[in-house]
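# Examination of the molecular architecture
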Amino acid sequence: MPSKLPFEYTSPTGEHFSLNFSLHPDTVSAMRVSQLLYRLLETLDQEIGVLGDTANGDVLQALAMALAVRAGMIHADRTVTDRLCDELVRQALAGMGEARRGHPLSGSA
């Protein structure tokens, strides 16, 4: 299993991110992780486009709540799932902190 997940994303505003997320050692399918991540971001972009002006904090809060619901669906000791969620979020944020970012060119030449 690869220890890194290369991922490319372009926001609706044209900002491009090139990332290498660390994968948890127990990851079963890096491809499935990549597919789900892409679909989650795509769905968020579409929904925000329909809903209109949406605060970034509201988006983050909804994602945190969704993570809590998914963690709660796992039949395991809560301290184990809480620790896993904390570890995964910290790893993902660290990966984002190391991302290469590109902004669309604007203006006229």
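I will try to describe carefully the structure that is included in this document.

About the cut-offs
- Residues numbered from 1 in each chain as written.
- Predicted model: local features only at pLDDT ≥ 70, side-chain atom pairs only at ≥ 80, totals over all residues.
- Heavy atoms only, no water.
- Phe/Tyr/Trp six-rings, centres within 6.5 Å; stacked < 30°, edge-to-face > 60°.
- Buried < 20%, exposed > 50% of the residue type's maximum accessible area, 1.4 Å probe, protein only.
- Pairing = 2+ DSSP bridges.
- Helix = DSSP H or I, 4+ residues; strand = E, 2+ residues; numbered from the N terminus.
- Axes fitted to C-alpha atoms, helices over the stretch in contact; angles between N-to-C directions.
- Contact = heavy atoms within 4.5 Å.

Below, the discussion takes up the packing of aromatic side chains. Inspection of the entire model under this criterion finds 1 aromatic pair. With centroids separated by 6.2 Å and ring planes inclined at 20 degrees, the aromatic side chains of Tyr 9 and Phe 17 adopt a geometry described as stacked. The pair formed by Tyr 9 and Phe 17 is uniform in burial state, with each residue classed as buried.

Looking now at the sheet that holds strand 2 (residues 16–22). If you trace the 3 strands from one edge of the open sheet to the other, you get 1-2-3, paired in antiparallel fashion. A strand with exactly one partner marks an edge of an open sheet, and here the two such strands are strand 1 (4–10) and strand 3 (100–102). Neighbour-to-neighbour, the strand axes of the sheet open up by a mean angle of 15 degrees, direction not taken into account. Sheet topology places strand 2 next to strand 3; 3 bridges connect them, and they run antiparallel. Looking at strand 3, one finds that His 16 is bridged to Gly 102. Here helix 1 (residues 30–51) sits on the sheet in contact with strand 1 and strand 2, set at roughly 20 degrees to strand 1.

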